[in-house]
Amino acid sequence: METVFRLESPRVIAAVARVVRDVGIAEELAQDALVAALEQWPRDGVPDNPGAWLTATARHRAVDLVRRRENYARKLQEIGRSLDPATPPEEPADPDAIDDDLLRLVFTACHPVLSAEARIALTLRLLGGLSTPEIARAFLVPEPTVAQRIVRAKRTLATRNIAFEVPYGPDREARLGSVLDVIYLIFNEGYAATAGDDWLRPALCEDALRLARQLAALMPKEPEVHGLVSLLEFQASRTAARTAPDGRPVLLKDQDRRRWNRMLVARGIAALDRAGAAAVGAPGPYALQAAVAACHAHARSYEDTDWTAIATLYGLLAARAPSPVVELNRAVAVSMADGPGPALEIVDRLVAEPTLRDYHLLPSVRGDLLLRLGRTAEARAEFERAAELTGNERERELLRARADECRPS
């Protein structure tokens, strides 16, 4: 039951939000549908299509709620067609219109009346099914901060009476950056879960990739949409090689590249070509990250990778969208291109960065560089600190194993 609801709740919320025009109420009605399932399924059996059952139940309750409202007559005129299954919903007469409630939900949650942080947090909650602690770790901010952002975002959308729609024209362009960031964070949570016993959450990766592909169909002339699609295709191609049979994480340098999905690699290359063809001027951040992923996809082994090219691409990315995390990734590439010494200088400059204070990958990367320099005692301390900081049990086991390898024999 928990698995079904985790997978289906974004679609249920999106379908109901289209009726009630309030994402907070839609989330509550989705929870009501889950309670009904807990009562009925043990008695009547699990339906053939659990997601459709949950959606229908929540939608019926949404219709009842609308009918009970004092302004029912006005609301009935607005949503009457959507309540009649024989009548298709009214859509804008736009050649690239797309009937996808999940996309409507993403664009609604990314409305400009919300702050950028609130947009991403709310959409991760509604579409990604992430808990508040998971979102907090993804943002590297305290849990109460994320909780407040979500509550305030729902209230703002409700009080401002924001339309549940995919915007058109300039409004769509204005919200695109936040939408891309949301999809990327959803994918990342599935690609390397911030908490729990499993390192991968494939359902989140699949949802993010589907949304990215839909966006590419919706906005074929936007290079950064294709750049994001390319990046996610490349990343998803490695899924089968990223875990051992017992579920342990397998680092990139140790992966069997024969297990990489070549079809997804080909899709990534094609999307990157589309991004380049649509671009005017310098490539955007997602296209640059996709180019990095392409370097890995073209290499037969970790050692054969064109690390100089990757370091250069991260330098361009740092200039285009500077961040401490980009610098940390650049340090890894520099370590392979020029050695661990120059890379350690970059990492040491990041140690005092406030946003990386609890970021487990900083001591993890630093530990690897120290180990390659023969400073095993310092490396062990860094791996132990990284293990303490991560919220994912599988990753914690990996980091503790690396720390144990540094102990004197």
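Keep in mind that this is a model prediction, so the values were computed, not measured.

S.K.: I'm lost on the pattern of salt bridges in this one. Help?
M.R.: Pairs can form between side chains of opposite charge whenever their charged atoms are close. This structure, assessed with the given rule, holds 20 salt bridges. The closest approach of N and O atoms between Asp-207 and Arg-11, which form a salt bridge, is 2.9 Å. In this pair, Asp-207 sits in helix H10 (residues 202-218) while Arg-11 sits in helix H1 (residues 2-20), placing the two residues 196 residues apart along the sequence. In this structure Asp-207 comes out as buried when scored by relative accessible area, which is 14%.

S.K.: Looking at this model, I keep getting lost on the packing of helix H5 (residues 101-109) against H10. Mind explaining?
M.R.: A pair of packed helices is characterised by two quantities: the angle between their axes and the separation of those axes. Running from N to C, H5 and H10 cross one another at 85°; their axes reach a closest spacing of 11 Å. With respect to their mutual orientation, H5 and H10 come out roughly perpendicular. Residues Leu-102, Leu-103, Val-106 and Phe-107 of H5 pack against Arg-210, Leu-211, Gln-214, Leu-215 and Leu-218 of H10. Residue composition of the contact of H5 with H10, by class: seven nonpolar, one polar and one charged.

S.K.: Help me out: how do you make sense of unusual backbone geometry in this one?
M.R.: Trans peptide bonds make up the majority, and among non-glycine residues the majority have a negative phi. Here Arg-21, not a glycine, exhibits a phi torsion of approximately 60°, which is positive. For Arg-21, a relative accessible area of 29% translates into the label partly exposed. Phi is positive for Asn-161, close to 55°, though the residue is something other than glycine. A residue is classified by how much of its surface remains accessible, and Asn-161, at 54% relative accessible area, is exposed.

What counts and what doesn't
Residues numbered from 1 in each chain as written. Predicted model: local features only at pLDDT ≥ 70, side-chain atom pairs only at ≥ 80, totals over all residues. Heavy atoms only, no water. Salt bridge = Lys/Arg side-chain N within 4 Å of Asp/Glu carboxyl O. Helix = DSSP H or I, 4+ residues; strand = E, 2+ residues; numbered from the N terminus. Buried < 20%, exposed > 50% of the residue type's maximum accessible area, 1.4 Å probe, protein only. Axes fitted to C-alpha atoms, helices over the stretch in contact; angles between N-to-C directions. Parallel < 35°, antiparallel > 145°, perpendicular 65-115°, else oblique. Contact = heavy atoms within 4.5 Å. Nonpolar A, V, L, I, M, F, W, Y, C, P; charged D, E, K, R; others polar.

The values are spatial; any link to function lies outside them.
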